[in-house]
Each structure stands twice: as structure tokens, then as C-alpha cells.
Amino acid sequence: MFHRNILFTHRHLSYYSNSASLTYAPFLLHSKHISLLNTQFPDPHLPSISSSSSHASTQFSSSDHQKYESIVNRYQYSCSHDDSQQLHIQIFKNGYSSDVFLLNTLVNIYTRIGEMIYARKVFDEMPQRNSISWSCLVSGYTRNNMPYEACNVFKDMNCGGFTPVHYAIGSVLRACQVLEYNGLRFGIQIHGFVSKSLNVFHEVVCNGLISMYGKCMDSPDYAFFVFDEMRNRSLVSWNSIISVYSNSGDAVSAFKLFSSMQLEGLQPTEYTFGSIITAASMLSELNSFSLEQVMCTIQKSGYLFDLYVGSALVSGFARSGQISLAKKIFGLMDVKNVISLHGLMVGLARQKRGEEAVEVFLKMKNLVKLTSDSYVILLSTLGEFSDLEEGRRMGKEVHAYVIRNGLSDSNVAIGNSLINMYAKCGSVKDASSAFKLMINKDDISWNSIITGFDQNGCFINAIMMFCEMRRNQLRPGNFTIISALSSCGGLGLLSLGEQIHCEGVKLGLDDDVSVSNSLVDFYSETGCIENCKKVLSSMREYDLVSWNSIIGAFSDSNSLVLESVEYFIEMMRGGWRPNLITFVNILGAISSVHELVRQIHGLLLKHPFSDENAAGNTTLMCYGKSGNMDDCEKIFSKMGDRRDETSWNSMISGYIHNEQLNKAMNLVKLMLTNGQRLDCFTLASVLSACASVATLERGMEVHACGVRAYVDADVVVGSALIDMYAKCGRIDYASRFFKRMHVKNVYSWNSMISGYARHGHGDKSLEIFNKMKLEGQIPDHVTFVGVLSACSHMGLVDQGLDHFNSMREVYGLNPKMEHFSCMVDILGRAGELDKLEDFLNKMPVSPSVLIWRTVLGACCRSNSERATNLGIQAGSKLLELDPNNAVNYVLLSNMYAVKGKWEDMRKTRFLMKQAEVKKEAGCSWVSMKDGVHVFVASDNSHPEIDEIYKKVRKLQGRMREIGYVPEVKYALHDLEIENQEEILSYHSEKLAVAFVLTKKSELPIRIMKNLRVCGDCHTFLKYVSKIVGRLIVVRDSNRFHHFVDGKCSCGDYW
């Protein structure tokens, strides 16, 4: 904008200077002694040179005077390469090699045509120079985008004792403006220099200072200070300060200045309206009336069809999302140029309408003169295609075109745009190739490739590229630090992220609010909530993103609900207006507290964006998590046609979370009936629910739905299917599907390893683990839980210990509590109590409830005195750490019962009663065609209970004939043998299998149980499998048992 304003000023000054020249024309024509330093301007952008400033004069004859006049008139405003050569020849041919005015004119022509080497050479060979000579060179370097050279020449000018004219000062200030932050210091020095002279009040100097401060400073305050001190403010001055406020994002102040300018009687020009349109575009994001009101004012002023104003309006309406109006104005413009084309394309790209932007480009490419920026903008639109593969294909065509025309090598911006385009289209390989082939790279190039890697999940590549950038001694910018921190967060690399944090502090980038916000996000992702608070407290200034980030940091922890609410209240008290992201984050943080969800929902309804899908979907998720599905259903029904995939997914997840699987399944069927797309997330969620309650038939139904929706080949869905089939007892189906998967991720491998381990096939589990390593898939924490479980079920103590040690030594994984628990289980099941105690003593962390519970379970299976003492110690720790959990009392009571310590058992039961905790009732269930049948021990509620009991007695009779003896030690009651046998006879799994056997079928019997199967029931089921000749699959809380022909897959080791 400053360039336009200066040109506007020069347009008026040129008029007055030419008038002055005409006034003195008669004197010049009749004078015998004419000064070689003509009073006319050597450049329309430079002041005139009076005879008093001449260092050389020559006496002319009348014919010589006419020749000189002819040379001046012909070449003074020339912009031709041929003219520069002709003038150069004329100067030497006619003996004008000492004429300062003609040499200044020659320098000016060379600067206009971009031949700065020749301009500098002429300047250096001038026998005499004046201030205008220096001004010409400074102006030329600035005009040709060589700001450093302009600043250096200005320094040399002052060192040479030449007083700079105001145009030289204006030019060097424009150079500082181009250098932005790097030119600020020199710009401030110039300000100090001119403040000692009368130039400080000159309009051109003041306008230059306003624009320089506006561009180089984050705040417009310094620019306004210069403006406020001006004695005379012209239209250009007002345009400059309005432009500064508009570009800084302070639209309100820009409009206030616009009103003040009009009150002083100045009429806005096309440049004024250009800045006001930019300001109105910012306000139009909240209210579209601002931009429309500005358009009405423009129409009254007669500038509506001005090319510059029309282009600004097109850009403004397009950027604010009013595409139809932008297109209408664009169509009504009599004359269109590349600027108006760019404005419309940028607006369409911002609205994710890349295809339309390309259509506009193809229609206009032969009607306007395209620039290199045209291809930069075109490439940016390709990343906004709805079909990114089509965008990438077209991007390759544009890439080929710019290579053929030599644009990719000569223009860094095009190379950067190619990197961005390929990255946005998901083609990281092409983006990396484009980066490597760039001859010249700038900071944006490095930032683009690092950001591209980060946004495509290639976090390691992003970090490696960041390290390479630093090795090349390149200074990272704000966006580079932000992308590097994001990649560290994605990989969970806390230490490396802290190093990048330190790097940012050393470079002074941590003062930037965006960098600080990314630090809050990084520490949130790595679970360092305290560091999030420290970063926020050390920030000098906040924006809304800062508050959103800190509130969002608490969304993954139910224990930090109050802190998230406190930050939300502090934000509101500070006068910040929450946006949609704020509500999404605070609702996510408080989703477990129903009353708070209702209050925040009430506040959300007072805002205009409460009807947006994101708001509705978030409230659905929160009400679902807090257990209020009635409110979920009301919100869901009110959304009507606004429902999207997330809405359906939120409802299904809510039903699953609240154990309403039937409703979740019905909603899936309704989605398919309504033609709603069934996405991978929905399918994986429902499959996970089927796996959790082991409903194989429902899981197979969902699998069929996935096949119909063509998403069964997705790697996420495939992993969920493996997990579902494994947890529902069909390890054969899980294995078959695993082998058919073309692409596997770590979840696929983990599901198969855990599945085999759960079914007692530890050897196959370890075999899959070895294949996983051979195929280059790096195991994670979950992988080792499955591997150690397999070792536990097979009694592989030494091998389990080797795998445990390899976590840290080979893969750099620090064992978590569940891994320590698995090792305790391995040692406990194997009866290695000495090693178990030694392992507990050497643990780097205090044993958790899970560890002590595992120890107590192991002690229940051993009859030694040492096991009893260790079990008592474990029980004591459990009641100390978790006194409100009934499982702990039951385990300790059972251990006393197994060892015949009935008095200790009764004391434990009494403690349980005092703690007012209730034991979860043991139950078993089977899925039949008519629904799910649930049984508890000694159940009398089932309508067919008489037939079931009769079947149990019949089976026991046949089993006794072939050697079955009830194991009364599992009755866990101090009763007579007959009574203990009676209790054992009607355990829930026995009733379940008897019920299935009352039906005519030859299919395998599948029974699910919520607790661990007892030893007597385990023996009972082995005998039944032999008597009836059918496969019996039982899933208890620990694993699967496959009973076939009197044997169990666990080998009686469970």
C-alpha cells in the first residue's frame, strides 16, 4: 500500500514540477549561459535539481543548446534498454561525460530497466556527484528489490558528506520496510537522523516512516506516533496510517481513522477504499454487513468499477466467504487484471473450493497477463480439492509447465508452493523431491517441508529435517518451531521437545504467542500438565488460542475437571469471548460431570454458533459420556438434516459407552437404511463394543455391514475385526482375516498376538511376534503386554524375563505398571515365589493395586506357608491402597478359605461388610437365537430352570461313572461335604452349559463369564465335552478355554 501511496504523491508532484519547468522555459531558451543541471526532474520519483546544486557548467551555442534540449526531452523519462545505450553513446559522443544531470538521467534509465550493475558502474565513474546522484542509486536499488544495497548506499552517501533529500530518505525507508524485522533497527536510526533536520516534518519522510513502522513492528503504535506528530497531513498520509491499521488486523481503528479523515474534508481515493475493504473483510467474519456497507459507500463515491477497488472487493467478499457476491462483482468489472483474478482465486481456496478456483484460472489465463504469483496461487488452490488425488494430478501438470518455462528455478516462491501443494495432497514423497531439487531455498522452503512432514504424520522426517536445518546454520522461524514441537508431541518425545523449547528461548521465539500456544499443546500431548501451566503463566500476552489450549489440556483427565473450569472462568472474567473451540474443549474436559455439562450447554446456547454441527456433536458426546442418553436422543432428533458422520458416531459411541448395544446396532442399521455412509470409526466402535460383551453374532452382523459399505479392507477396521473375533472365541476367524490383510499396522499385530495369548496358543503368539519384527514393524507397549501374557499362560519364565528386559534395552520402551504385573503373574503362576519377592523389591516404582492383586491371586494357587505369608502381606497392601473395592476383600477371603483358615475368612468378610462394599455377582451368559440368557449361581429365575437343574444332575451322574469327583475346596464355605457339593453343582457356567444342552444342536457351545472359572467347573466342563462330544468354549475374565474330548487348551495351567 505504501508503494501505491508514494506513487500517488509523485503523480501530483510531477505535475507541479513540470509546471515549474514550463515557467522557466523562455529564460532557458534565450539565455546564452545555460546551466547543465536542468531544473526539470531527472526522474518522476525524484526532486528537481537546481542550478545551485551543480558542480559543473558549460557554455553552449544556440545549436548546442538545441541538441542538449533534444537529448533531455528524448531520454528523460525513458524506460527502454535501447535508449539507455543510445544516451550513453550521446553523452560520450557530445562530450557530456561530466554533465551531472545527464549522467543522473542515465543512472535512472538503467535502474528503471533493472540493469543495476550498469547503473552502479556509471555512478562509480561519475567525475562529480550531487545528492540527486545518490538518491537515484538508492531509489534504483529499492525499486529493484535490493534493499540491503539501498541501505548501504545510503550509509555511504552520509559518510561522503552529502545531505540526503527527502526522496532518498523515503526510498531507503521503503528498503527497510521490505526487510521487515531485519530493517527495523536501521529504520529507527534513520528516524533519529532525520529528527535532527527539517526533513522530519516532510510529508514523504513521514509517510515512509509510517509505512516502515507499520510493516516492521507488530504494533501500529509507533506508526501512529509519527502520524500524530505530522504538521500537515495529506491524503497519502491518511492512506498510509489507515493501511497500517488495516494490515495489522485492527479493523475498528482503521474505520475510526477513515471517519476522521472525512471529517477533515478529505475525500477517499481508490487506495483508501482498498485498505477499508481489507478491514471490513476482517469484521465480516462476524458480521457481513460491514463489507456491504463499505460497498455502498464506494458506489456513492463512484469507485465501484475502478479496477483497483473492484479487485479489492472481489478479494474481500471471497475471503469472507461470500463467494456468489464476489463472482458477481468480478463478472461486472469492465476491465479485469491479474490482481482481481488472484483475489477471487484466493477467496475460493480459503473456502475449500479449489476446483472452482482452477475453473476461474482456466477461463482468465488468456485474458490477463499472468505473473509468477499467478502460479503460486494456482498451486495453493490444488491442495483444497475435495479429491486430493485429482489435485495432485493437476499439480503435476502445473509442475511440468513451470519447469518447461524455467519458472521453478528462478522463483523460490513457486518451489515453496510446490512443496505445500504436494504436502496438502498427501504426497510427501513428491514434496520431498521438490524440496531437494530447489536450487535456492529460503526459510519458507524449510518451514514448508517440515510442516508438510508434520501434517502428514511423518514426524520422524520432520524432526530430522529440523535438525538438518540447524546443522546448516539456518535460523528457524516461528512456524518451524511450531511444526517441530507438533512432531515431538506426535511421537511423545518429551526430551527432544524440551530441547526445541530451549532452542526457541535462545532465539527469542518463545515471546511469540503462537509458539507459546504450541508449547502448551506439546506439553499437553506428552502429559506434562504442570509444564502447560508454567508456559501459560510465563506468557507476556495471550490470545483466545492460548486459553483454548490450556483448557483443552485438561480434556483427557477426569481428575482435572475443576482446574479446567477455573481457567474457563478466569478467561471469561478477563473479557475474552469464547468461540466454538473453547466450548468444544471445556465440554471435553467436564464430560464426566453431568451437572457441569448441562450448565456449559446452557451457556453455549446463548451464542450464535450453537447451531453448528461441531457444537451439537460435542454436546452429544458429553451427554453420552455422562450417562444421559435421553438428552442425547433429544439433541440428535433436533439436529435433523444437519447430522453428519460425527453425529451418528457420537450417538453410537454413547449407546456403547452406556452398554446399550442393541440401540447402537439399531442405529447402525438405520444409518444404512437412510443411505448414510458407514465410516471406519463407526464400524470400529461397534466392533469394539461387540468384543467387550463377546456377542459373536452381532459382531458378524457388523462385519457384514462393513463389507456392504466397502470399508472392511481398511486397516483400522481390520484390526478391530481381529480383536472382535478373538474376544468372541473365534480365534480361527481372527487368524484367517489377519492373513488376508494386505496392510497391517501395529494394532493389527497386537490384536493377533493378544488374541493367541488369550486363547492359550502362546507358541503361535510368540511366532506372530517374531514375524512382526521380521517385517519391520516396531513393537509398542501394548505388544509386550500380549507377549508377556503368552509367556505367562505357557509358563515360560526365562523367555518372559528376556522379553521384559528387551523392552528397555532393545526398543527404548520403559516398562509400565501392566508389564510389571505380567512379570509378577509369570513368576506367580510358575510358583517362583523367591524370584517374585526379589522382583517386587527391585521394582523402580511402588507396586500398584494391580500388582498386589496379581500377587494375591498367585498365592491362592500355592499351598506353601511362604505363599500364605506373602498373600497376607499382599492382602494388607490391597486393603490399604484400595479399601473400597470388593474384589480385594473377596480375593483375600478366598485365599483364607482355600487354605482352611475359616476364622480369618470370616474376619475379612466382616471388614468387607464394614466398608459397605458389595461383591460383583458371578454370572455366565450364552447367546441364542432368541436372545442372551444370563445365569448366576443357584439361579431360580430362568423360566426353564427345572429342566436345566435336571440336565445338570443327569450330567453329574454320568460324570461320576467315569471318575468325576467334586473338588469341594472351591466351594469356599465352612460347610459339610454334602452341602459344599450342592453349592458347587449349580455354579453359573454349569447352568449355562446345561441350558444349551437342553436344545437340539450340534454347534459349538460358547459361554461367557465375568469372573475367573473355578477349578471344579473347569474339571466339570472337561468331562461334559467328552460325554456330549461337542466343543465348549468358555471365556472367563482372564482367558479362553477350549474344551475338546475331555481336554482344555490351557493344559490345566491357568
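Residues numbered from 1 in each chain as written. Predicted model: local features only at pLDDT ≥ 70, side-chain atom pairs only at ≥ 80, totals over all residues. Heavy atoms only, no water.

An unreviewed UniProt entry annotates the protein chain as DYW domain-containing protein originating from Tagetes erecta. Check the Sequence similarities (unreviewed entry) section of the UniProt entry for the protein chain; it says "Belongs to the PPR family. PCMP-H subfamily." (UniProt positions renumbered as here; feature names shortened; annotations may be inferred.)

Comments concerning the environment of Ala 349
With respect to the secondary-structure elements, Ala 349 resides in helix 19 (residues 338–350). Apart from residues lying up to four places away in sequence, Ala 349 is in contact with Thr 381 and Glu 384. (Helix = DSSP H or I, 4+ residues; strand = E, 2+ residues; numbered from the N terminus. Contact = heavy atoms within 4.5 Å.)

Quick word on the confidence of the model for the protein chain
Looking at the protein chain as a whole, its pLDDT mean stands at 83, while 91% of the residues score no less than 70. No element of the protein chain has a lower mean pLDDT than helix 2 (residues 25–30), at 29, and none a higher one than helix 45 (residues 762–774), at 93. For residues 1–58, every residue scores under 50 in pLDDT, and the model assigns this stretch 110 contacts once sequence neighbours within four places are set aside. Throughout residues 972–979 the model reports pLDDT below 50, and contacts reaching past four residues in sequence, or to other chains, amount to 13 contacts. (pLDDT = per-residue confidence, 0-100.)

Some remarks on empty space enclosed by the protein
For the coordinates displayed, the defined rule picks out two cavities of 30 Å³ or more. Size it by volume and the second largest cavity reaches roughly 30 Å³. What lines the second largest cavity is simply Ile 71, Val 72, Tyr 75, Gln 76, Leu 87, Phe 101, Leu 102 and Thr 105. Only helix 3 (62–75) and helix 5 (100–112) provide two or more residues apiece to the lining of the second largest cavity. Within the lining of the second largest cavity, the residues separate by chemical class into six nonpolar, two polar and no charged. (1 Å grid on protein atoms, 1.4 Å probe; cavity = no way out; pocket = protein on both sides within 12 Å on 5 of 7 lines; lining within 4 Å. Points joined across faces, edges and corners; volume = space filled by probe spheres on them. Nonpolar A, V, L, I, M, F, W, Y, C, P; charged D, E, K, R; others polar.)

Remarks on the packing of aromatic side chains
Overall, the coordinates contain 31 aromatic pairs when judged by the stated rule. Taking 5.4 Å as the distance between ring centres and 50° as the angle between the ring planes, the aromatic pair formed by Tyr 271 and Tyr 308 counts as tilted. With Tyr 271 in helix 15 (residues 270–283) and Tyr 308 in helix 17 (residues 307–319), this residue pair connects regions lying 37 residues apart in the sequence. Relative accessible area serves as the criterion here: at 19%, Tyr 308 is assigned to the buried category. On the numbers, 5.0 Å between centres and 75° between planes, the contact of Phe 435 with Trp 446 is edge-to-face. With Phe 435 in helix 25 (residues 428–437) and Trp 446 in helix 26 (residues 443–455), this residue pair connects regions lying 11 residues apart in the sequence. For the pair Phe 435 and Trp 446, one class covers both residues: buried. Every member of this aromatic cluster is reached through a ring pair, and the members are Phe 224, Phe 227, Trp 238 and Tyr 245. Directly above the ring of Phe 227 sits Arg 233, whose terminal nitrogen or CZ lies 4.4 Å from the centroid. Above the face of the Phe 636 ring, Arg 643 is positioned so that its terminal group lies 4.3 Å from the ring centre. (Phe/Tyr/Trp six-rings, centres within 6.5 Å; stacked < 30°, edge-to-face > 60°. Buried < 20%, exposed > 50% of the residue type's maximum accessible area, 1.4 Å probe, protein only. Lys NZ or Arg CZ within 6 Å of the ring centre and 35° of its normal.)

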